[in-house]
Amino acid sequence: MRRAVAGGLARAQGWRRVFARPGNTMTFLGLLLLGVMWIYPFIWLLSASLKTQPEIFGSGLGLLPDQPIWENYARAWTTVGFDRYFLNTVIITGGTVLLIVVRSALAGYVLGRYKFIGKKVLIVVFVVTFFLPEGYTIIPVVQLTDQLGLLNTYLGVILGLGAGGQVAATLLYAGYFSGLPKELEESARIDGAGPFRIFAQVMLPLSWPITATVVILNFLFAWNTYLLPLVFTLSEPAMRTLAVGMTAFVGEYSTDWSGLAAAAMISLVPVMAVFIALQRKFVDSIAGAVKQ
Amino acid sequence: MTADPTRLAEPPGATARTSGGVLRRLRKDWWIYLFLLPTVLGYGAYTVYPLVASWWFALLDWPGFADQGTFIGIENFELLFADGLFWNSFRHSLVFLVAAVPLRVGLALFLAILLNRKQTPFKGLLRTLFFLPVVTTGAIIGVAFTLLLDGGGPISLALVKSGLLDSPVNFVADTGTSLFAGAAVWVWKWLGITMIYWLAALQTIPQDVHEAAMLDGAGPGREFRYITLPLLVPFLVIITLIDTVGALNVFDLMYTLTAGGPAFSSEVIEIFIYRTAFGASVPQLGYASAAAVLFGLITMGLAVAQAVGLRWARRATGGMK
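Residues numbered from 1 in each chain as written. Chains lettered and ligands numbered in written order. Predicted model: local features only at pLDDT ≥ 70, side-chain atom pairs only at ≥ 80, totals over all residues. Heavy atoms only, no water.

Engineer: Explanation requested: the overall build of chain B in the structure shown.
Structural biologist: Scanning chain B for helices and strands turns up 13 helices and two strands. Overall, the C-alpha framework of chain B stretches about 85 × 75 × 35 Å when taken along its three principal axes. Counting over 321 residues, chain B shows a buried share of 49%. Approximately 14900 Å² of chain B is accessible, and the part contributed by carbon and sulfur atoms is 67%. (Helix = DSSP H or I, 4+ residues; strand = E, 2+ residues; numbered from the N terminus. Buried < 20%, exposed > 50% of the residue type's maximum accessible area, 1.4 Å probe, protein only. Areas by Shrake-Rupley, 256 points an atom, 1.4 Å probe, with all protein chains shown as cover.)

Engineer: How should the overall build of chain A be read in this particular structure?
Structural biologist: The secondary structure content of chain A amounts to 16 helices and zero strands. Once local pairs closer than 6 in sequence are excluded, the contacts in chain A between residues at least 24 apart make up 72%. Taken as a whole, chain A presents about 13500 Å² of accessible surface, with 68% of it coming from carbon and sulfur. (Contact = heavy atoms within 4.5 Å.)

Engineer: How should the interface of chain A and chain B be read in this particular structure?
Structural biologist: By convention, interface size is frequently given as the accessible area that disappears when the constituent parts associate. The partner chain B presents 98 residues to the 99 residues of chain A that form the contact. Buried surface at the junction of chain A and chain B, both sides included, amounts to about 9200 Å², of which 80% is carbon and sulfur. Looking at the side of chain A facing chain B, the largest losses of area belong to W38, Y136 and I139 of chain A, adding up to 10% of the total buried there. Inspection of the chain A/chain B interface yields zero salt bridges. At the junction of chain A and chain B, the tally comes to 15 residue pairs in polar contact (both at pLDDT 80 or more). Ranked by residue count, the leading element in the side of chain A that touches chain B is helix 2 (residues 22–48) of chain A, at 15 residues. Here the residues of the side of chain A that touches chain B sort into 70 nonpolar, 18 polar and 11 charged. (Buried area = accessible area lost by both parts, 1.4 Å probe. Salt bridge = Lys/Arg side-chain N within 4 Å of Asp/Glu carboxyl O. Polar contact = N/O pair within 3.5 Å; in protein donor to acceptor, adjacent residues only side chain to side chain. Nonpolar A, V, L, I, M, F, W, Y, C, P; charged D, E, K, R; others polar.)

Engineer: I keep staring at the nonpolar core and nothing clicks. Help me out?
Structural biologist: Of all hydrophobic cores here, the largest spans 169 residues; its most connected members are Y109 and I139 of chain A together with W198 of chain B. No other element matches helix 8 (residues 178–202) of chain B, which puts 17 residues into this core. (Core = buried A, V, L, I, M, F, W, Y, C linked by side-chain atoms within 4.5 Å.)

Engineer: It is not clear to me how a nonpolar patch on the surface should be interpreted in this structure. Could you clarify?
Structural biologist: A cluster of nonpolar side chains, F196 of chain A together with W30, L34, L37 and L41 of chain B, forms an exposed patch at the surface whose accessible area comes to about 510 Å². For the nonpolar patch, the leading source of residues is helix 2 (residues 30–57) of chain B, giving four residues. Position of L34 of chain B relative to the elements: it lies in helix 2. The exposure class of L34 of chain B is partly exposed, given its relative accessible area of 42%. (Patch = residues over 30% accessible without salt bridge, like charges linked within 9 Å, V, L, I, M, F, W, Y side chains within 5 Å.)

Engineer: Sorry, what's going on with the packing of helix 15 (residues 257–277) of chain A against helix 6 (residues 138–148) of chain B here?
Structural biologist: The relative placement of two packed helices is expressed as an angle between their axes plus a distance between the axes. Contact geometry of helix 15 of chain A with helix 6 of chain B gives a least axis separation of 11 Å together with a crossing angle of 150°. Judged by the inter-axis angle, helix 15 of chain A sits roughly antiparallel to helix 6 of chain B. Two packed elements cross with a definite hand, and for helix 15 of chain A against helix 6 of chain B that hand is left-handed. Contacts between helix 15 of chain A and helix 6 of chain B involve W257, L260, A264, S267 and L268 of chain A from the first element and I140, V143, T146 and L147 of chain B from the second. Of the residues assigned to the contact of helix 15 of chain A with helix 6 of chain B, the class counts are seven nonpolar, two polar and no charged. (Axes fitted to C-alpha atoms, helices over the stretch in contact; angles between N-to-C directions. Parallel < 35°, antiparallel > 145°, perpendicular 65-115°, else oblique. Left-handed = near helix turned anticlockwise from the far one by under 90°.)

Engineer: How should the side chain of T244 of chain B be read in this particular structure?
Structural biologist: All names here are of chain B. Relative to the helices and strands, T244 resides in helix 10 (residues 220–248). A distance of 2.6 Å separates a polar atom in the side chain of T244 from the backbone oxygen of T240. When near neighbours in sequence (up to four residues on either side) are disregarded, T244 contacts L97, V101, L302 and Q306.

Engineer: Just to check I follow, could you spell out unusual backbone geometry for this structure?
Structural biologist: With glycine set apart, most residues show a phi of negative sign, and most peptide bonds adopt trans. Residues and elements named next belong to chain B. Along the chain, G261 connects to P262 via a cis peptide bond; the corresponding omega equals -10°. Mapped onto the elements, P262 comes out in the loop between helix 11 (251–257) and helix 12 (269–279). Residue A259 is not a glycine yet carries a positive backbone phi of 55°. Along the chain, the position of A259 falls in the loop between helix 11 and helix 12. Although it is not a glycine, F264 adopts a positive phi angle of roughly 60°. In this fold, F264 is placed in the loop between helix 11 and helix 12.

Right, here's the structure in full:
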């Protein structure tokens, strides 16, 4: 308790020292002003989601609604079908992340620890295709999915999002596995374990930090992705994801801006919750991926 | 990764892999290929095949996925070169790159330097604020900013009230501002992640370099110019490359913000491809593929140019040591 108080005091004195220098205060105020520009659209969206339609544009710059209209949320959730879009997004995101983790961990393990015929070819292909824009591949991807009969299915979207691309995940696993001591595998092999058991029971559990990174980054990617789910569900509106449903909302209910704002908030809440809960991990994993 | 061939699969004593050749190695390593199978299949089908197939599709007159295309040679490319709307979208993508990428990279570096200083208070909070749009769905940001940038929206109102604008402007619906509005929103959305890249880069600079500069009497400006900046050049190249590719992939934000309009004034290449292939009542898949092939070539060209730049930068900084 006393230590906590002392810590608080030291911190307070620290702040005082920081703000005693006018340069520091100016920097902070400048940054804070910039920060407000970064948070304002979110606050505005939240406020719009609780306003009536005319109030959004009639109330000028005021952020507080006269009377919060919670029905906007109910309307977005049920009438426009966001309950279904939400479910679609959860299934597609979950499936995509799972597919990416499984296949990148398997490939990263052998790429990171073994020499084999064809390894160089694989790495060259990865490097060449690393920066391929999505607009380049989308037509053949749709054509292939159509031929497989998977358009407008969950599996089709999951394969489209998780099967190609995502080189970074494989390389992260490869880098991590190559750094683990080889005694781990040797002792398991002496105990009579084959490569599959060694991978599943020794190596995969050890790679937890990388798995967390891959899950976080690809959760974000899959939840927010737009072009592929849009194109894959053009003829089947019930299969839309939240991101795609948002635009359809504009088309069909072009005047219902308050419902739209509420729908946007519904789609944002899960991502924000995950982000705030895992904030440190988020930032560290991106920074770590860059340093690699 | 390749320096030490720790062939753990090999039993001790069998290290001589001279004869027996390829077949025996393939048979012995069968499980390795099994591990690679999901990636090879998925990557082959969804990345390598599209890469190759686009070139073939670009030579077809192909009105829809249900139909078979007819081979027409390079006619699509001839039409594309004569198509004012294609060059319009091409020019917009370039303007977008030139306007938005330096702004995003530069502003993020500036922020990262301020947030890397020990004296700056509330670093964690500020970092979170700038990172919030990064985790937000691009489509939502596009939709939200059509409202925020509307003539009656808060940004226009605030600018009129502060006297910077005479009358309200709908930035999204004005042919003169729509592309730049998109660029500004894009910088706003992605600034946080570039800032994190820069923070990671700054942390690779050892603290004693900074202290040595202080001892030699270098002020913050001189220290940045002569010490920090040269050390950051390799990162500058790689971060610019990442952001450039991001700028070419701006579809979701631009499409939900302006859908390329008004009057094609903000149509970038990805929207051109989408509109030609999926948005029109008569799909022109071959024509769109030809545009995609050109788009891919441009991206590749930029990536190669920057890879060369990176090698040059590494050599230059390596020579300095």
